[in-house]
Amino acid sequence: MTQKESNKRFWRNIHQANRSYMEEQYLLFLQDPKQVPSSIQEIFNTYGAPNWPGIANYKSQRNESDHTNSTKKIKATIQLADAIRRFGHLSATIYPVGTKKHRHNELIDLKTYDLTIEDLKQLPAQIIWGNPSSSMTNAWDVIQALTQTYAKTIAFEYDHVNQNKERKWLEKQIESNTYQVTFSNEQKQQLLKALIDVEGFEHFLAKTFVAQKRFSIEGLDSMVPMLDYLVQQSLYDDTENVLIGMAHRGRLSVLTHILGKPFDILFSEFYHAQDKTLVPSSTSSITYGWTGDVKYHFGAKRQFGEGKPAPTKVTLAHNPSHLEFVNPVVQGFTRAHQDFRFESGYPTQKWQRACSIMIHGDAAFMGQGVVAETLNLSAIEGYQTGGTIHLIANNQIGFTTNYRQSRSTRYASDLAKGFEIPIIHVNADDPEACLSAMKLAYQYRKKFHKDFLIDLIGYRRYGHNEMDEPRATQPLAYQEIDQHPTVVDIYRGQLEAAKVITSTDCENWRQEVHTKLQEIYLNMKENQFEEWIQSEPGALKNELTNIQTNVTYDKLRRFNHDLLKRPARFVGFNKLERLLQKRAKVFDEQQIVDWAMAEILAFATVLSDGIPIRLTGQDTERGTFAHRHLVLHDINSDETYCPLHGISEAKASFAIHNTPLSEVAVLGFEYGYSVEAPKTLVMWEAQFGDFANVGQVIFDQFISAGRAKWGEKSNMIVLLPHGYEGQGPDHSSARMERFLLTAAENNWIIANVTTSANYFHLLRRQASLVNSDAARPLIIMTPKSLLRHKQVVSNVDALVHDNFQPIIAKQKQTNQPVTRLIIGSGKIMVEFDELNDCQSFNWLTTIRLEQIYPFPKTLLQELLLDYPDVTEVIWLQEEPRNMGAWHFVKEKIACVLHENVVLLYVGRGDRSSPAVGNMKVHLKEQKYILETAMKDVTSIITTEYGFCKE
């Protein structure tokens, strides 16, 4: 058949009532194609001008009322088809249980559009479907097909996606059924067996370990084969790492069936003793810290596809009970695996090297702000990971809270719409639809490198945990759940009806699962209960006193020269360039290094050692206090240049990024990055130190305790601007006391350095710990006003000849006996030394505690030997007495003093707020503190400010 004959046949099939409308539309189309609907445009582009017998005569004889009526019907039909695409999910059978199980929405009802089935049968399919299949002869056939596609056990929301290319791709995948997984009979049997494995495992735990917490997956069993499908797909795409984050619901099933955690290991964890002798040799990696955690918080690693040139490693991240806070950590894991960091410049990102999947709770996804913060990272240059697949494990309840009490939106997934993330809602009782949903999500991520969300809607077979009774708070829901068949029974019935399996197959497979688990359990060795006491690794206990961090003069000079170079035709901001070019004189004339220059030189030396650096934070590129300027802007093109990318001897990347106004997500991301990139020096800087308050969960659960609980090692640096300068309660304190409160087992280093040279050496010392057992986080209280203070700058010789000094003692000026020692940390000590230099109190001297934890006890003891005449030791701080370092250091200092030496505290009194808001009051307090430290001991008594003898 020729094209002309094909076109003619098409036009002859157009119903008589619709022909005048099509003629009218064609005239508009000739004037401007955009005046007609896109579906009509496609018809004219494909089949040409309307062509039927008597077309010219008909136009002059048409009945105006028929024309108007047909026009309305066609418009209404197009509106109905569009509504099904947009709102079909509102009538979809996506709820296996609950009051919304049987829904119908008037938005896709024929009556809403004044249509009947007969009306639709009179309209050609091409009116609303550009290229219908041979089975679609009219519009009614199309409407039925669209309803079947958009409003059954799987439903779609992508109307909020504003990129037309993505919308068209999604529409094509969905309406052509390309996204659907095609199952052979054997594959259907394998899917049923996978579901039986999950159900049998959960039932075995319930019967064997009665009334013990396991946070069963039952009601969302299909999640396990969905994850397995994703992992298997990744094997064909050279994906080296799949990173998974999830809370505790269903975690044990994922650990055993996806991560391959041996069943006997898991069974042993239901007992009081953790018997490490039960760990068999396998491809599963189980890591523990020395204090451990509950079984449903642990993660694991497993290799898949050992026959591949590059096998895929699947990692399930450790996660505390803080549910969604693992989200940014896993994103950091993922980006760390995607970045190649061992060449100069920014790292090279290859998104296909790693893929992340986040499993959320329905209540937590909407309830916890860290979710929105993490979603916001998905398209930001320094944080995007080429798309994350999100899966909401939606059991339609949060602990005992009904969904109506936990969110203001229709769906748990609605937050994702603000980030233009396509959404699938799928009934967890339809396992084949669930795998098809995962296929579409995976293919979308692969094509567009963007996030995708699956709302897996099921139920919770038991209470929040197995000791909880849900029938007291959800009586009607659990009456239905108690009677609702499991997904195994539902799918089994479908396969038996289709004669894919026999009536006995399912029970045989169930028995095989039970027998296997029972044998494993019975073959486990009986353990006698022993106290399980461990401590931190020996490498953490070693003092870090013998690490050489000095750098030769010539090398520093070469680096400084490279840092002042600019690309050809790069025109920087003149005022800034004049300031930076002054650094050229440092090695020729001044021989003085300020804080910012010490930092950039430290970075340059670390890069020359082959250690990559990643530095992020709010305003970090310039620095909150306009001191860093590591990203320069061309005033004509706004192109940027990082001076550290001009270091000729650099063997590793330097990445620096400004971040969103987020502490939780960004801090969690950087922690995750540091864990999975152990050879990289990862740094995060707060705009002001007190902003770290917002990230408290990340500090408490991950950075501080991650290694003790899970054996998760991080060497990241946290920079917290700290110091009392009259800026009020919110911009003074970095809350040092909170970090000291959890300082134990050498879990991190806490420092408050006061010279640029000591900062230089501290950074280099931390870099030397990368990828070692001695690695641990470093928390630095960084300066604000001291950044440009003359007392903080150092001579170049201090970088060349010294190393990091945990304690800095002021040199004696005379032979006069010293009877008072002032010990303190940070800015207050700089101010005191400056004041003392003016007044020349030779009977007292100062010791600056540069490293507060681990406390340098041995060094302090040795130093005190130089002051045999001391009778008074004062701890001086500007923070309130119940804050700062006082309560941490007082016993440690007291234990190294002779009995006849009195220990005193001078500082602000106990306060509920860190600092006053009035500058005059601040200055009065600060002056009083400094002067009091110089007074005779008998005058140091309790006052309104709380100065007292301890």
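Everything quoted here is computed from the prediction, not taken from an experiment.

For helix α10 (residues 223-234), with 12 residues, the first-to-last C-alpha span of 17 Å sits near the 16 Å given by 1.5 Å per residue. Within α10, burial applies to M223, V224, P225, M226, L227, Y229, L230, V231 and S234.

Our focus in this paragraph is the domain arrangement of the protein chain. Here the domain parsing of the protein chain yields domain 1 (3-51), domain 2 (185-523), domain 3 (547-801) and domain 4 (807-939). Measuring from the centre of the C-alpha atoms in domain 2 to the corresponding centre in domain 4 gives 54 Å.

Here we come to the packing of helix α19 (residues 487-497) against helix α20 (residues 505-522). For the pair α19 and α20, the least separation of the axes is 10 Å and the interaxial angle reads 145°. Contact with α19, carried on its side by V488, D489 and R492, involves C506, E507 and R510 of α20 and no other residues of that element.

This paragraph deals with the side chain of K827. Of note, K827 is situated in helix α32 (residues 827-839). In this structure the side chain of K827 is engaged in a polar contact, spanning 2.6 Å, whose partner is the side chain of E831.

As a further point, take the UniProt feature "domain: Transketolase-like pyrimidine-binding" (unreviewed entry) in the protein chain. Under the UniProt annotation, the feature "domain: Transketolase-like pyrimidine-binding" (unreviewed entry) is placed at residues 593-789. Here residues 593-789 is 30% helix and 17% strand, with 11 Å between the C-alpha atoms at its ends.

Another point: helix α7 (residues 139-150). Because each turn of an α-helix spans 3.6 residues, side chains separated by three or four positions in sequence point in the same direction. Between its first and last C-alpha atoms α7 spans 16 Å; for 12 residues at 1.5 Å apiece the expected length is 16 Å, and the two agree. Residue N138 occupies the N-cap position of α7, its side-chain oxygen lying 3.1 Å from the main-chain nitrogen of W140.

A cluster of basic side chains, namely K575, R578, K582 and K585, defines a positive patch on the protein surface. As for its position among the elements, K585 is in the loop between α23 (574-581) and α24 (586-590).

When you tally the buried positions in strand β25 (residues 820-824), you get five out of five residues, the bulk of the element. Burial along β25 is two-sided: the face carrying R820, I822 and G824 and the face carrying L821 and I823 are both buried. Here β25 pairs with strand β26 (residues 844-849) via five bridges, running parallel. Its bridge partner being in β26, L821 is matched across the sheet by T845. Regarding the hand of the β-α-β motif, the stretch spanning β25, α32 and β26 is right-handed. Note: β25 against strand β28 (residues 872-880), five bridges, orientation parallel. Bridging from a neighbouring strand, R820 pairs with E872 of β28.

Looking now at the sheet that holds strand β27 (residues 851-853). Pairing is mixed across the open sheet formed by seven strands, whose spatial order is β18-β15-β19-β20-β22-β21-β27. The open sheet terminates on both sides in strands that have one partner only, identified here as β18 (654-658) and β27. Going from strand to strand, the sheet's axes swing by 20° on average, the running direction of each strand aside. For strand β21 (residues 749-751) and β27, the ladder comprises two bridges, and the chain directions are antiparallel. Residue pairing in the sheet places A751 in a bridge with Q851 of β27. The strands that helix α26 (residues 664-676) touches are β15 (613-617) and β19 (681-685); relative to β19, the one it contacts most, it runs at about 170°.

Moving on, we get to the pattern of salt bridges. Inspection of the entire model under this criterion finds 41 salt bridges. We note a salt bridge from E166 to K450, for which the minimum N-O separation is 2.6 Å. Here E166 is found in helix α8 (residues 164-175), whereas its partner K450 is found in the loop between α17 (431-448) and β13 (452-457), with 284 residues between them in sequence. Residue classification places E166 among the buried residues on the basis of a relative accessible area of 5%. E599 is the salt-bridge partner of R628, the closest N and O atoms lying 2.7 Å from each other. On the criterion of sequence distance, the pair formed by R628 in the loop between β15 and β16 (632-633) and E599 in helix α25 (residues 595-608) is long-range, its members being 29 residues apart. Here R628 and E599 have matching classes, each one buried.

Our next topic: the packing of helix α9 (residues 185-208) against α20. Running from amino to carboxyl end, α9 crosses α20 at an angle of 45°, the nearest separation of the two axes being 9 Å. As summarised for this structure, α9 and α20 are arranged oblique, according to the angle between their axes. Classified by chirality, the crossing of α20 by α9 is right-handed. Contacts from Q189, L192, K193, I196, D197, E199, G200, F201, F204 and T208 in α9 reach C506, W509, R510, V513, H514, L517, Q518 and Y521 in α20.

Attention now moves to the confidence of the model for the protein chain. One rule of thumb: low pLDDT means the predicted coordinates there are not for detailed reading. Looking at the protein chain as a whole, its pLDDT mean stands at 88, while 93% of the residues score no less than 70. Scored below 50 in pLDDT, residues 273-285 makes 31 contacts in the model with residues more than four places away or belonging to other chains. Of the regions scoring below 50 in pLDDT, residues 941-950 engages in 35 contacts with residues more than four places distant in sequence or in other chains.

With that out of the way, let us pick up the side chain of E166. Polar side-chain contacts of E166 include one of 2.4 Å to the side chain of Y444. Once residues lying within four places of it in the same chain are set aside, the contact partners of E166 are V161, Y444, F448 and K450.

Formed by 116 residues in total, the largest nonpolar core has its most connected members in M22 and M223. Both of domain 1 (3-51) and domain 2 (185-523) provide at least three residues apiece to this core. Leaving out residues up to four positions away in the same chain, M22 has contacts with W11, I14, I40, I43, F44, P50, W52 and I127. Membership of the second largest hydrophobic core comes to 82 residues, among which are F365, V664, V682 and I807.

What follows concerns the environment of T502. Following the sequence through the fold, T502 ends up in the loop between α19 and α20. Residues T502 and F573, 71 residues apart in the sequence, show an inter-C-alpha distance of 78 Å.

To continue, consider unusual backbone geometry. The omega torsion of the bond from Y853 to P854 falls at -10°, within 30 degrees of zero and hence cis. Here H629, not a glycine, exhibits a phi torsion of approximately 55°, which is positive. Classification of H629 as buried rests on a relative accessible area of 13%. Phi is positive for N746, which is not a glycine, with a value near 55°. Relative accessible area serves as the criterion here: at 14%, N746 is assigned to the buried category.

This brings us to the packing of aromatic side chains. If you walk through the whole model with that rule in mind, you get 29 aromatic pairs. Ring geometry for F699 against F739: centres 4.9 Å apart, planes inclined by 90°, an arrangement best described as edge-to-face. Taken together, the residues F699 in helix α27 (residues 696-703) and F739 in helix α29 (residues 736-741) connect sequence positions 40 residues apart. With a relative accessible area of 1%, F699 lands in the buried category. Assessed through its relative accessible area of 4%, F739 is described here as buried. Grouped by ring-pair contacts, the aromatic residues F201, F204, F209, F263, F267, F270 and Y521 constitute a single cluster. When the ring centre of F270 is taken as origin, the NZ or CZ atom of K295, which lies over that ring, is 4.3 Å away. Above the face of the Y673 ring, R614 is positioned so that its terminal group lies 4.7 Å from the ring centre.

Rules of the game
- Residues numbered from 1 in each chain as written.
- Predicted model: local features only at pLDDT ≥ 70, side-chain atom pairs only at ≥ 80, totals over all residues.
- Heavy atoms only, no water.
- Helix = DSSP H or I, 4+ residues; strand = E, 2+ residues; numbered from the N terminus.
- Expected span 1.5 Å × (residues − 1).
- Buried < 20%, exposed > 50% of the residue type's maximum accessible area, 1.4 Å probe, protein only.
- Domains from an automatic or database assignment.
- Axes fitted to C-alpha atoms, helices over the stretch in contact; angles between N-to-C directions.
- Contact = heavy atoms within 4.5 Å.
- Polar contact = N/O pair within 3.5 Å; in protein donor to acceptor, adjacent residues only side chain to side chain.
- UniProt positions renumbered as here; feature names shortened; annotations may be inferred.
- Patch = residues over 30% accessible without salt bridge, like charges linked within 9 Å, V, L, I, M, F, W, Y side chains within 5 Å.
- Areas by Shrake-Rupley, 256 points an atom, 1.4 Å probe, with all protein chains shown as cover.
- Salt bridge = Lys/Arg side-chain N within 4 Å of Asp/Glu carboxyl O.
- Lys, Arg positive; Asp, Glu negative; His and termini not counted.
- Charge placed at Lys NZ, Arg CZ, Asp CG, Glu CD.
- Pairing = 2+ DSSP bridges.
- Right-handed = clockwise from strand over helix to strand, strands pointing away.
- Parallel < 35°, antiparallel > 145°, perpendicular 65-115°, else oblique.
- Left-handed = near helix turned anticlockwise from the far one by under 90°.
- pLDDT = per-residue confidence, 0-100.
- Core = buried A, V, L, I, M, F, W, Y, C linked by side-chain atoms within 4.5 Å.
- Phe/Tyr/Trp six-rings, centres within 6.5 Å; stacked < 30°, edge-to-face > 60°.
- Lys NZ or Arg CZ within 6 Å of the ring centre and 35° of its normal.

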